[in-house]
Structures are given as structure tokens and as C-alpha cells.
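In case you want the letters, here they are:
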Amino acid sequence: MERLRTPFFIVALVAMALVVCVELGEQLLIGGVDAGTALTDHAAALGAQVPAGGHVERPSGVGIPYLALLDFAALFTVALMAAGLVVPQRLHGRLQGVVTLIVAILLLLASIGLILLAVAKLVLMVALLLAFPFGTIAYLILFASFPRGTATVILSLLMFLKLVFAGSLVAAQPRFLQNKGLVLLTLCSLLCNVVVAFLHGLVPGILVSITDAVAGIVVAIVALIWSVVLLIGAIVGIVTAARTTADTARTTATAALPSPG
């Protein structure tokens, strides 16, 4: 961390924190709102009618919120580096492995749970869509009005913030490029952002909820892989720290022994 340009490093940390906040808050922007007006037209196209005055709650998407799994790993990695600037090196070395182990396990469990949730949602949507006519009507009422335009704006904002994060890290210290794990994690985050945007634009509007679920599954699988990487790294770090502590204690004890003669 020598010759670290702290202002750029802080900008990178704040940018990634904003990314995670936007992804977690996406449901407030494009999910859980009344979708009855837009869906009446879809139902009418099949010769059905939606009762007037009804309130239809649109389920939120999963593609963008699931990005938070991967981006939280990047935020946590950079936050550990930031902690090394203020926490004594010896204490930081001892706590880093334990904290990473806890976060990796939580991320692993969250990824598995969200994968199962997204798969269940995908199966439900496909089953409803193919169960013509009543299942199809139910699908149109619940899932057909995915706000693709708003999602595109959010994904563009996320991409911009992630590029700011990557650029600020390099500006803060070019040696960050030598950290292969952080570089690969950042590239995966950018690629997953592109994958979600691509799947949102791949199909007609009434089918975007299905491809959004597929995007969520893909992102969660990538996050699952990274959680395993973090878990392995944490275990190796803990074992290394334990060996170093044991060697230091042994050396200290040997030095404290009285010399013969």
C-alpha cells in the first residue's frame, strides 16, 4: 500500500458502496407496485377481462438485486484493504482471515438460497406461461409488465459506478492491477452487469421477467463460485497466520532460554 493516493482510494470505496446500495434498493424502483392498468391490455389480448378497480402487485425482479452478491464481495475486499490503513498490521493480519471466513460462509449460504429461489420463480413463470389460457393470463397479470426501461437506466448507472471504482483503484495505486483476484472479481462484476442487460433486451417485453430470473441464476452461480474462492483463501490465511504465530512464539521462547555456560 506504499504511495497510495488516498482520495482516489476513498472514491473507489464509495463508488462500490453506492453500487451495492443501488442494487439492494432496486426493488423500490421497479418492483412491488400496482401493475393492473398495464396488464389489463395483455389479458384483453387473450379475450379475458381483469376486474376493474383491482390492485395487482408486481413481483420485483431478481437480476439486478442478485448483482449485490458479487459486488458485495468486491466491496468487502476493498474494505479489508481500507481497514489495513487504520488497524495495526498485526491485529489486521489476525482478524482478516476470520472475518473473511465468516463473510464467505454467509455469502455462500445466501448464494445457494437465492439460486433456489430464482429457480423456483423461473419454473413458476414458465409453467404459468405454458398453461393456456388461465395460466397464461395469470402470468400476464403477475409478470408481463417488467419495467425494462427503468432497469436499463439502473444498469447503466451501475456500469458507470463500477468503471469509476476500477479507474479510481488504478489511479490510487497501479499495483492493484497485480492483484489478480481483485482484477478478476471486478471483471466478473462488469461482465455480469452486461449479461443482465443483454438478457433483459433479448426477448419481447412480456418475457423479460423470465430472462431476468435466468440472469439472476447466472449471477448467483458466479457469486457462489467467488464465495468458495473467498472461503478457501480465508482458510489458507488462517492456517498461515496460525503457523506464523506459532513460529514467532517458538522463536521468542527459544531466545528467552538461558545460554549454556
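Scoring rules and cut-offs
By convention here, each chain's residues receive numbers from 1 onward along its written sequence. For a predicted model such as this one, the threshold for reporting local features is a pLDDT of at least 70, and the threshold for listing and counting side-chain atom pairs is 80 or more; totals across whole chains, interfaces and linings nevertheless cover every residue. Values shown for side chains rest on all heavy atoms present in the structure; no hydrogens or waters enter the calculation. For our purposes a nonpolar core is just a set of buried Ala, Val, Leu, Ile, Met, Phe, Trp, Tyr and Cys residues, chained together by side-chain atoms within 4.5 Å. With a 1.4 Å probe rolled over the protein chains alone, any residue whose accessible area is under 20% of its type maximum counts as buried; one over 50% counts as exposed, and the rest are partly exposed. Elements are defined by DSSP. Helices are runs of H or I of four residues or more, strands are runs of E of two residues or more, and each kind is numbered from the N terminus. Any two residues having at least one pair of non-hydrogen atoms within 4.5 Å are treated as being in contact. Helix axes are fitted only over the stretch in contact, all axes being lines through C-alpha atoms; the angle between N-to-C directions runs from 0 to 180 degrees. The cut-offs work like this: below 35 degrees is roughly parallel, past 145 is roughly antiparallel, 65 to 115 is roughly perpendicular, and the gaps in between are oblique. Each crossing is labelled by how the near helix is turned from the far one, with a counterclockwise turn of less than a right angle marking it left-handed and a clockwise turn marking it right-handed. We call two N or O atoms a polar contact when they sit within 3.5 Å, provided that within protein one can donate a hydrogen and the other can accept it, with sequence-adjacent residues counted only if both atoms are side-chain atoms.

### Quick word on the nonpolar core
And then number 1: One finds Phe9, Leu169 and Phe176 to be the most contacted residues of the largest nonpolar core, which totals 57 residues.
And then number 2: Where this core is concerned, the elements lending two or more residues are helix H1 (6-24), helix H4 (63-86), helix H5 (89-130), helix H6 (134-143), helix H7 (148-172), helix H8 (180-200) and helix H9 (208-256).
And then number 3: Setting aside chain neighbours within four positions, we find Leu169 in contact with Phe9, Ala12, Val78, Phe176 and Leu182.

### Thoughts on unusual backbone geometry
And then number 1: Here the amide bond leading from Phe132 into Pro133 is cis, since omega sits at 5°, within 30 degrees of zero.
And then number 2: Relative to the elements of secondary structure, Pro133 occurs in the loop between H5 and H6.

### Some words on the packing of H4 against H7
And then number 1: In the contact formed by H4 and H7, the axes pass within 13 Å of each other and the chain directions differ by 15°. It follows from the interaxial angle that H4 and H7 lie roughly parallel. Where H4 crosses over H7, the two elements pack in a sense that is left-handed. Contacts between H4 and H7 pair Ile64, Leu67, Asp71 and Val78 from the former with Ala151, Ile154, Leu155, Leu158, Lys162, Phe165 and Leu169 from the latter.

### So, the environment of Thr186
And then number 1: Mapped onto the elements of the fold, Thr186 is located in helix H8.
And then number 2: Residue classification places Thr186 among the buried residues on the basis of a relative accessible area of 12%.
And then number 3: Put simply, Thr186 and Ala73 are 113 residues apart on the chain and 9.7 Å apart in space, counted from C-alpha to C-alpha.
And then number 4: Among all residues touching Thr186, those that are not within four sequence positions of it are Phe165 and Ala166.
And then number 5: Here Leu182 takes part through its backbone oxygen, which lies 2.9 Å from a polar atom of the side chain of Thr186.

Worth remembering: the numbers are spatial, not functional.
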